[in-house]
Amino acid sequence: MKETTIYQTLEDRSNDEEVLAHGPYWCHLHDVNGKKKEGAREPWLGPGYYFWDTRIADARWWGETIYQEKGYIICQLRYDAHSPSLFDMVGDLAHYDEFMSLARQIQERRRTKTISFPIVLAYLKRHAGFSYKAIRVCPHPPKFISTNITFPGSRITVARLDKVQLCFFDKSLFIEPFEIVERSAGLSIQFEYSSKQK
């Protein structure tokens, strides 16, 4: 078991007690009016509980990107990063290769050069005996940003792992408590509540 801290960024609605009683929060494919979410708000890993892995800076970045107007809070909990119920495309190359192989098969069938991640994941969930409880992925921008750490000969560099995201399909991998740890005003929360407290 490897307990790892993860972070969920939420809009600050000044409802700390409700967040602690009911969090973490599920991300739906549609908004409250029934309209499918698009762009940055679209849950690209499907519906689930979304978290940023290990780095609170990534949770801040998301808050500053999505919740500029009202502000945000950052909540944390822990999970087992070595769980066999985690489909880990960052730390398990077999999972990565399985996903990429399926993506190529779908591309060939559809005769297309590109395929979206959600399409491949949805197919994996429906047709490939996918029994995992969460997925861990590291998307990177179209332009690769490398580190300044080179291997001998300076022809290749160490890859930059940035913004690793997790989506949990249920709460079974969570290790309590769910707590608010930061508010966008830069103020750290000085109390600890669990999500079970009322």
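The structure we're discussing is the one just above.
So, about helix 4 (residues 117-127). For helix 4, the full list of buried residues reads Phe117, Val120, Leu121 and Leu124. In a view along the axis of helix 4, the buried residues occupy a sector of 95 degrees, so they form one face of it. Residues Arg126 and His127 are exposed on helix 4 and point more than 90 degrees away from its buried face. Where helix 4 is buried, its residues touch strand 5 (86-88), helix 3 (93-110) and strand 6 (134-137). Where helix 4 terminates, the next one or two residues include Gly129, which has phi positive at roughly 65 degrees.

Turning to the environment of Ala159, a few remarks are in order. In this fold, Ala159 is placed in strand 8 (residues 157-159). By relative accessible area, Ala159 is classed as partly exposed at 47%. Separated by 13 residues in sequence, Ala159 and Ser146 place their C-alpha atoms 5.7 Å apart.

Running from amino to carboxyl end, helix 3 crosses helix 4 at an angle of 105 degrees, the nearest separation of the two axes being 10 Å. Between helix 3 and helix 4, the crossing angle belongs to the class labelled roughly perpendicular. The segment helix 3 lies against helix 4, with Glu98, Phe99, Leu102, Ala103, Ile106, Arg109 and Arg110 engaging Phe117, Ile119, Val120, Leu121, Tyr123 and Leu124. Looking at the contact of helix 3 with helix 4 residue by residue, the classes come out as ten nonpolar, no polar and three charged.

Before going further, it helps to examine a nonpolar patch on the surface. Residues Ile149, Phe151, Ile156 and Val158 make up a contiguous nonpolar surface patch of roughly 360 Å² in combined accessible area. Tracing the backbone shows Phe151 in the loop between strand 7 (146-150) and strand 8.

Under the defined criterion, the tally for this structure stands at ten salt bridges. For Arg60, the salt bridge goes to Glu182, with nearest N and O atoms at 2.6 Å. With Arg60 in helix 2 (residues 56-66) and Glu182 in strand 10 (residues 174-183), the pair connects residues that are 122 residues apart, well separated along the chain. For Glu182, a relative accessible area of 10% gives the class buried. One salt bridge in this structure joins Arg136 and Asp88, with 3.1 Å as the shortest N-O distance.

Our next topic: the environment of Thr157. Topologically, Thr157 is positioned in strand 8. Sequence-wise, Thr157 and Ser146 are eleven residues apart; in three dimensions their C-alpha atoms are separated by 6.5 Å. Those residues within four positions of Thr157 in sequence are excluded, and the remaining contacts are Ser146, Thr147, Ile149, Thr150 and Phe151.

Next up on the list: the side chain of Thr9. By secondary structure assignment, the location of Thr9 is in strand 1 (residues 3-11). Within the local environment of Thr9, its side chain forms a polar contact with the backbone oxygen of Ala59, the two atoms lying 2.9 Å apart. With near-sequence residues (within four places) excluded, Thr9 lies in contact with Trp52, Ala59, Trp62, Gly63, Tyr67, Tyr72, Ile73 and Ile74.

Turning to the nonpolar core, a few remarks are in order. Side chains of nonpolar character tend, in soluble globular proteins, to be buried together. Ile6, Val19, Phe51, Cys75, Tyr79 and Phe168 are the most contacted members of the largest nonpolar core, which has 19 residues in total. Counting residues per element, the ones that place at least two in this core are strand 1, helix 1 (16-22), strand 3 (48-53), strand 4 (72-80), strand 9 (165-168) and strand 10. It is strand 4 that contributes the most residues to this core, four residues altogether. In contact with Cys75, other than residues within four places in its own chain, are Ile6, Tyr7, Gln8, Leu10, Val19, Phe178, Glu179, Ile180 and Val181. Formed by 18 residues, the second largest nonpolar core is a distinct cluster that contains Leu45, Ala103, Ile106 and Leu124.

Definitions and cut-offs
- Residues numbered from 1 in each chain as written.
- Predicted model: local features only at pLDDT ≥ 70, side-chain atom pairs only at ≥ 80, totals over all residues.
- Heavy atoms only, no water.
- Buried < 20%, exposed > 50% of the residue type's maximum accessible area, 1.4 Å probe, protein only.
- Helix = DSSP H or I, 4+ residues; strand = E, 2+ residues; numbered from the N terminus.
- Arc of directions from axis to C-beta.
- Contact = heavy atoms within 4.5 Å.
- Axes fitted to C-alpha atoms, helices over the stretch in contact; angles between N-to-C directions.
- Parallel < 35°, antiparallel > 145°, perpendicular 65-115°, else oblique.
- Nonpolar A, V, L, I, M, F, W, Y, C, P; charged D, E, K, R; others polar.
- Patch = residues over 30% accessible without salt bridge, like charges linked within 9 Å, V, L, I, M, F, W, Y side chains within 5 Å.
- Areas by Shrake-Rupley, 256 points an atom, 1.4 Å probe, with all protein chains shown as cover.
- Salt bridge = Lys/Arg side-chain N within 4 Å of Asp/Glu carboxyl O.
- Polar contact = N/O pair within 3.5 Å; in protein donor to acceptor, adjacent residues only side chain to side chain.
- Core = buried A, V, L, I, M, F, W, Y, C linked by side-chain atoms within 4.5 Å.

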